[in-house]
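Residue-level listing of the chains:
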Amino acid sequence: MLERDYLWCALHLMLDDEEELARLCPTCRSQAQEGRCPVCGEPTGLWEESHNVAFDPERFAALSRGVRP
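The structure displayed is predicted, hence computed values, not measured ones.

Parameters and conventions
- Residues numbered from 1 in each chain as written.
- Predicted model: local features only at pLDDT ≥ 70, side-chain atom pairs only at ≥ 80, totals over all residues.
- Heavy atoms only, no water.
- Salt bridge = Lys/Arg side-chain N within 4 Å of Asp/Glu carboxyl O.
- Buried < 20%, exposed > 50% of the residue type's maximum accessible area, 1.4 Å probe, protein only.
- Phe/Tyr/Trp six-rings, centres within 6.5 Å; stacked < 30°, edge-to-face > 60°.

## Section: the pattern of salt bridges
Move 1: A complete count under the given rule lists one salt bridge for this structure.
Move 2: Where Glu 34 meets Arg 36, a salt bridge forms, and the shortest distance between an N and an O atom there is 2.7 Å.
Move 3: Looking at Arg 36, the relative accessible area reads 36%, which means it is partly exposed.

## Looking at the packing of aromatic side chains
Given two aromatic rings, one states the distance between the centres and the angle between the planes to describe the pair.
Move 1: Applying the stated rule across the entire model yields one aromatic pair.
Move 2: Ring geometry for Phe 55 versus Phe 60: centroids 5.6 Å apart, planes at 50 degrees, classification tilted.
Move 3: With relative accessibility at 47%, the residue Phe 55 sits in the partly exposed group.

So, in structure tokens, the structure goes:
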């Protein structure tokens, strides 16, 4: 496959997802867009392990600017 073929596939997958969401009522649409655990269905972000405690936002911002902390 060429790069444009991958782009075409990705674009149409996104459009298919949007069409599926458009068919839902607003309540079901908001629930479908929530991040959920693929195993139990519990919303993600509700437990401490779902956050990377080692992530340093200040260091990330410095590295984004090209500055080595």
